[in-house]
Amino acid sequence: MLSDAETDALLLSLSVAFWSLVVTLPLAVALAWVLARREFPGKMLVNSFLTLPLVLPPVVTGFVLLILLGKQGWIGVWLDRWFGIEIAFRWTGAVVAASVMAFPLIVRPIRLSFEAVDPRLEQAAATLGARHWRRFLTVSLPLAQPGIIAGAVLGFAKALGEFGATITLVSNIPGETQTLSLAVYSLLQVPGQENAVLRLTVIAIGISVLAVVIAEILAQRTRRRIRPDQANDA
């Protein structure tokens, strides 16, 4: 049985991962489509900036977020003054940290899926009178679903296990900001808590495996719907 603190950490991690995905997935789809279909000045700079959370130490990313979103930060002071919103040392800050760290992992497979969509299909829809948004919703988006599902799973898993940026931005407050990863870290500092660490580790692995299995099932169904002949051959 899980203790109350372990249950809180598990539920908070699931909540953070869920809301992180809700926040980032629409933005990731939009940015991935722009990067796949449009050429514009500064595109290389956008790509480089997008990759930064993957190459920077997570603690550095968390520190930058703290400078920006802390109560006295450049953006945080404005949010607090005008809207009464506090990000640092709140569970919402954990969502922000997880979103920033997961965003590049979500964008990349979605972008590759959009790049794999034959532009001639979109052009054919245009000749039939479909507007830009309709071509996107009826042609590009359905064909890119496997990449969207893959990106969503990667993002959820990354958000679920995020540690460095989270502990820097929101600390490790039991019942408030202590996620599953932070709970494991805390328990490792206490002698005799090996069983609790093992329980949380097994739960984290189980959730991740379940997410991957569900994603694979959804991806297979999508492939059957889009390319039934190739799906049957597979």
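Reference entry: report on the structure contained in this document. Remember, predicted model here, so these are calculated numbers, not experimental data.

Notes on the nonpolar core
Phase 1 of the analysis: Counting 46 residues, the largest nonpolar core has Val107, Ile110, Phe114, Phe156 and Leu169 as its most contacted members.
Phase 2 of the analysis: Sequence-distant contacts of Phe114, that is, excluding residues within four places in its chain, are made with Val29, Ala32, Trp33, Ala36, Arg37, Phe136, Ser140, Leu141 and Ala144.

Let's talk about empty space enclosed by the protein
In this approach, a probe sized like a water molecule rolls over the atoms, and the result shows the empty space that is left.
Phase 1 of the analysis: Using the criterion set out here, one finds one cavity of 30 Å³ or more in the structure.
Phase 2 of the analysis: Of the voids in this model, the largest cavity is the one considered here, and its volume is about 40 Å³.
Phase 3 of the analysis: Secondary-structure elements contributing two or more residues to the lining of the largest cavity are α1 (4-37) and α8 (145-161).
Phase 4 of the analysis: Residues of the lining of the largest cavity, tallied by class, amount to four nonpolar, three polar and one charged.

Here we look at the environment of Ser113
Phase 1 of the analysis: The residue Ser113 is located in helix α5 (residues 91-116) in this model.
Phase 2 of the analysis: Each C-alpha atom, one on Ser113 and one on Arg223, is 12 Å from the other, the two residues being 110 residues apart in sequence.
Phase 3 of the analysis: The residues contacting Ser113, other than those within four sequence positions of it, are Ala144, Pro146 and Gly147.

Concerning the layout of surface pockets
Phase 1 of the analysis: Approximately 350 Å³ is the volume found for the largest pocket.
Phase 2 of the analysis: Contributing to the lining of the largest pocket are Phe49, Leu50, Leu52, Pro53, Leu56, Thr61, Val64, Leu65, Leu68, Val100, Phe103 and Pro104.
Phase 3 of the analysis: Going through the elements one at a time, α2 (43-55), α3 (58-69) and α5 are the ones with two or more residues in the lining of the largest pocket.
Phase 4 of the analysis: Looking at the lining of the largest pocket residue by residue, the classes come out as eleven nonpolar, one polar and no charged.

Notes on the packing of aromatic side chains
Phase 1 of the analysis: Per the stated rule, a full pass over the model turns up five aromatic pairs.
Phase 2 of the analysis: Where Trp78 meets Phe83, the ring centres are 5.4 Å apart and the plane angle is 75 degrees; that geometry is what we call edge-to-face.
Phase 3 of the analysis: A relative accessible area of 54% places Phe83 in the exposed class.
Phase 4 of the analysis: An aromatic cluster is defined as three or more aromatic residues linked by ring pairs; in this entry it consists of Trp33, Phe114 and Phe136.

Considerations on the environment of Leu52
Phase 1 of the analysis: Examined against the element boundaries, Leu52 turns out to sit in helix α2.
Phase 2 of the analysis: For Leu52, a relative accessible area of 32% translates into the label partly exposed.

Details of the packing of helix α7 (residues 132-143) against α8
Phase 1 of the analysis: Between α7 and α8, the least distance of the axes is 5 Å, while the angle of their chain directions is 60 degrees. Between α7 and α8, the angle is such that the two are oblique. Residues Leu141, Pro142 and Leu143 of α7 lie in contact with α8, whose contacting residues are Gln145, Pro146 and Ile148.
Phase 2 of the analysis: In the contact of α7 with α8, the residues fall into five nonpolar, one polar and no charged.

Overview of the side chain of Thr61
Phase 1 of the analysis: Looking at where Thr61 falls in the secondary structure, it is placed in helix α3.
Phase 2 of the analysis: Residue classification places Thr61 among the buried residues on the basis of a relative accessible area of 8%.
Phase 3 of the analysis: What Thr61 contacts, discounting residues up to four positions off in sequence, is Pro53, Leu56, Val100 and Met101.

Some remarks on a nonpolar patch on the surface
Phase 1 of the analysis: Taken together, Phe63, Ile67, Trp74, Ile75, Trp78, Trp82, Phe83 and Ile85 make up a surface patch of nonpolar side chains, about 950 Å² in accessible area.
Phase 2 of the analysis: For the nonpolar patch, the secondary-structure elements that each account for two or more residues are α3 and α4 (76-83).
Phase 3 of the analysis: The dominant element in the nonpolar patch, judged by the number of residues it contributes, is α4, at three residues.
Phase 4 of the analysis: Relative to the assigned elements, Ile75 resides in the loop between α3 and α4.

Rules and cut-offs
- Residues numbered from 1 in each chain as written.
- Predicted model: local features only at pLDDT ≥ 70, side-chain atom pairs only at ≥ 80, totals over all residues.
- Heavy atoms only, no water.
- Core = buried A, V, L, I, M, F, W, Y, C linked by side-chain atoms within 4.5 Å.
- Buried < 20%, exposed > 50% of the residue type's maximum accessible area, 1.4 Å probe, protein only.
- Contact = heavy atoms within 4.5 Å.
- 1 Å grid on protein atoms, 1.4 Å probe; cavity = no way out; pocket = protein on both sides within 12 Å on 5 of 7 lines; lining within 4 Å.
- Points joined across faces, edges and corners; volume = space filled by probe spheres on them.
- Helix = DSSP H or I, 4+ residues; strand = E, 2+ residues; numbered from the N terminus.
- Nonpolar A, V, L, I, M, F, W, Y, C, P; charged D, E, K, R; others polar.
- Phe/Tyr/Trp six-rings, centres within 6.5 Å; stacked < 30°, edge-to-face > 60°.
- Axes fitted to C-alpha atoms, helices over the stretch in contact; angles between N-to-C directions.
- Parallel < 35°, antiparallel > 145°, perpendicular 65-115°, else oblique.
- Patch = residues over 30% accessible without salt bridge, like charges linked within 9 Å, V, L, I, M, F, W, Y side chains within 5 Å.
- Areas by Shrake-Rupley, 256 points an atom, 1.4 Å probe, with all protein chains shown as cover.
- Salt bridge = Lys/Arg side-chain N within 4 Å of Asp/Glu carboxyl O.

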